[in-house]
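Chain and residue survey
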2 protein chains.
Amino acid sequence: HTRTVMVSEIFGPTIQGEGALIGKPTVFVRTGGCDYRCSWCDSLYAVLPEHKGEWQAMDSAQIFAEVRRLSGDTPLLVTLSGGNPAIQPLEELIELGHQYGYTFAIETQGSVAQPWFAMLDYLTLSPKPPSSKQVTRWERLERCIVNATNTQPNHEIQICLKIVIFNEEDYAYARYVAEQYPAFPMYLQAGNHTPPQTADKIDISGILDRMDWLIQRTIADHWYGVTVLPQLHTLLWGNKRGV
Amino acid sequence: HTRTVMVSEIFGPTIQGEGALIGKPTVFVRTGGCDYRCSWCDSLYAVLPEHKGEWQAMDSAQIFAEVRRLSGDTPLLVTLSGGNPAIQPLEELIELGHQYGYTFAIETQGSVAQPWFAMLDYLTLSPKPPSSKQVTRWERLERCIVNATNTQPNHEIQICLKIVIFNEEDYAYARYVAEQYPAFPMYLQAGNHTPPQTADKIDISGILDRMDWLIQRTIADHWYGVTVLPQLHTLLWGNKRGV
Ligand code: SF4
Ligand code: SF4
């Protein structure tokens, strides 16, 4: 009954570079395939079908064996990213990892809700703002939250929202999402315009300018309950993969 | 009965650049005076007696009035830093701020324990590693924790440890502290060697190198429960003051 997962890459341990778990050591399992095509996607190699040849169909035992090897058999946080990891059958991997003390975080845009979200330790919902050129289906985002909060009595999940911001319109979108979901911590992330293929020429000053603007923008609004962060790995390592 | 607080600067709102509250909007109240003289102190203007002329003796009402002005009367996180804020009488300020919905975080080296630590919302204890050339008095660090956890029934405090790391000896010190206090989240921060007076020539590549080393070091040890962060404000703005 084992279903395979499309895997783009498994790497780490490194530290999580963004969001609520920033700075935490983690192994990334990046799945291949996405139902979105964000204008500024920085991981098209895990999105576009023409990269399928670089992906591997792996079952949960194979994936977890690699996670254990990389982590030296010591339990840690596993981050499920993509692409959109929510379109993969990941429940077996989570169940297997939990047996060995590993914890699981996922980041997904909230367009596909899975019952197994309730098994996660951390769920980051990252609906895409207007600059992405994608359309948010709010009822699906809502379904993700409903599913994730339907946990077993002995299990706790931390849910947060993260929104990438490039401009004023994106900012207005983030404010709207925060109003809809006041109970969940919100993270704003300054966007990175650098095309991923130009890792060495990363636009650090553009990123820092947008970060500055974003901080000033939230403060001007007295929006003090939000958390504003850059992508640390971009500042540290540019767009390099596998670090 | 009002006792005055030695204030070096009050500024913000900006975002917290380090530790557990990284990215959170906050107003900083930096007090003047310190019982330590860390070799790499980046805020000597709030430490050395020869800067006393730049500090202001303010009472709690005056400080809080300035915090309210800066925050546009909207409650937010107030970060008490220094110098060593623990040598100041800050209980009145905390009490006053709480009445208006403001929350309070402090960062202190753990050399002076105050009963009012129990009133704080966040306590970051940041004992100084060997590279600082200071000597840790462990019984005082312990006393800080005992005091901080002696809270009123309706009040919760979050305690964490933060250690600045420059070298292998500092790293060993951090491991020792983590062993003594496994219950508290620990944050490792890559050190910044740049002398504060040379804000424009900040040694970004040195900071990034130490950050890389620190990540690799913790991962080589399978120390996955720790959080490794840079000083975000240094990466974003160098050693500039007041941002
Ligand atoms: S949802 Fe994420 S992975 Fe998919 S296209 Fe958008 S940015 Fe890329
Ligand atoms: S404890 Fe902090 S403020 Fe005091 S000398 Fe050391 S680094 Fe500077």
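Residues numbered from 1 in each chain as written. Chains lettered and ligands numbered in written order. Predicted model: local features only at pLDDT ≥ 70, side-chain atom pairs only at ≥ 80, totals over all residues. Heavy atoms only, no water.

Re empty space enclosed by the protein
Residue and element names in this part refer to chain A. In this structure the tally under the stated criterion is one cavity of 30 Å³ or more. The computed volume of the largest cavity comes to approximately 90 Å³. Together, Gln16, Glu18, Gly19, Ala20, Leu21, Thr79, Ala105, Ile106, Glu107, Thr124 and Lys162 line the largest cavity. The biggest single contributor to the lining of the largest cavity is strand β5 (residues 103-108), with three residues. Here the lining of the largest cavity is built from residues that sort into four nonpolar, four polar and three charged. (1 Å grid on protein atoms, 1.4 Å probe; cavity = no way out; pocket = protein on both sides within 12 Å on 5 of 7 lines; lining within 4 Å. Points joined across faces, edges and corners; volume = space filled by probe spheres on them. Helix = DSSP H or I, 4+ residues; strand = E, 2+ residues; numbered from the N terminus. Nonpolar A, V, L, I, M, F, W, Y, C, P; charged D, E, K, R; others polar.)

Overview of the packing of helix α1 (residues 60-70) of chain B against helix α2 (residues 91-99) of chain B
Residue and element names in this part refer to chain B. Taken N-terminus to C-terminus, the directions of α1 and α2 make an angle of 45 degrees; their axes are 9 Å apart at the nearest point. The orientation of α1 relative to α2 falls into the category oblique. Remark: the crossing between α1 and α2 carries right-handed chirality. Every residue of α2 that contacts α1 at Ser60, Ala61, Ile63 and Phe64 is listed here: Glu92, Leu93, Leu96 and Gly97. Classifying every residue of the contact of α1 with α2 by side-chain character gives five nonpolar, two polar and one charged. (Axes fitted to C-alpha atoms, helices over the stretch in contact; angles between N-to-C directions. Parallel < 35°, antiparallel > 145°, perpendicular 65-115°, else oblique. Left-handed = near helix turned anticlockwise from the far one by under 90°. Contact = heavy atoms within 4.5 Å.)

Side note on the packing of aromatic side chains
Residues and elements named next belong to chain A. Under the defined criterion, the tally for this structure stands at 18 aromatic pairs over all chains. Consider the rings of Phe64 and Tyr102, whose centres lie 5.1 Å apart with planes at 85 degrees: the pair is edge-to-face. Residue Phe64 is located in helix α1 (residues 60-70), and its partner Tyr102 is located in the loop between α2 (91-99) and β5; the two are separated by 38 residues in the primary sequence. Its relative accessible area of 3% is what places Phe64 among the buried residues. (Phe/Tyr/Trp six-rings, centres within 6.5 Å; stacked < 30°, edge-to-face > 60°. Buried < 20%, exposed > 50% of the residue type's maximum accessible area, 1.4 Å probe, protein only.)

Some details on α2(B)
Along α2(B), the residues classified as buried are Leu93(B), Ile94(B) and Gly97(B). The arc enclosing the buried residues of α2(B), seen along the axis, measures out at 95 degrees, which places them on a common side. (Arc of directions from axis to C-beta.)

Considerations on the relation of the copies chain B and chain A
Rotating chain B by 180 degrees about the axis while translating it 0.0 Å along that axis superimposes it on chain A, leaving an RMSD of 0.0 Å. Taken together, the rotation and translation relating the two chain copies correspond to the operation of a two-fold axis. Interface overlap between copies is the fraction of interface residues in one copy that are interface residues in the other; for chain B against chain A it reaches 100%, indicating a shared surface. (Least-squares fit on C-alpha atoms with pLDDT ≥ 70 in both.)

Points about the interface of chain B and chain A
How big an interface is tends to be expressed through the accessible area that disappears when the partners come together. On the chain A side, the residues contacting the 31 residues of chain B number 31 residues. Taken together, both faces of the contact between chain B and chain A bury some 2500 Å²; the carbon and sulfur share is 69%. By the criterion of area lost to chain A, the three top residues of chain B are Pro25(B), Tyr224(B) and Leu236(B), representing 23% of everything that side buries. Linking chain B with chain A are zero salt bridges, by the criterion used here. Top contributing element to the side of chain B that touches chain A by residue count: helix α5 (residues 204-220) of chain B, with five residues. Looking at the side of chain B that touches chain A residue by residue, the classes come out as 22 nonpolar, seven polar and two charged. (Buried area = accessible area lost by both parts, 1.4 Å probe. Salt bridge = Lys/Arg side-chain N within 4 Å of Asp/Glu carboxyl O.)

A word on the nonpolar core
Membership of the largest hydrophobic core comes to 128 residues, with the highest contact counts inside it found for Leu80(A), Met186(A), Leu80(B) and Met186(B). If we ignore the near neighbours within four places in the chain, the residues touching Met186(B) are Leu161(B), Ile163(B), Ala174(B), Val177(B), Ala178(B), Trp223(B), Val226(B) and Thr227(B). (Core = buried A, V, L, I, M, F, W, Y, C linked by side-chain atoms within 4.5 Å.)

Concerning the site of ligand 1
Neighbouring residues of ligand 1: Cys34(A), Tyr36(A), Arg37(A), Cys38(A), Cys41(A), Val47(A), Gly83(A), Gln109(A) and Lys128(A). A breakdown of the residues in the shell around ligand 1 according to their chemical character gives five nonpolar, two polar and two charged. (Near = heavy atom within 4 Å.)

These results come straight from atomic positions and should not be treated as a statement about function.
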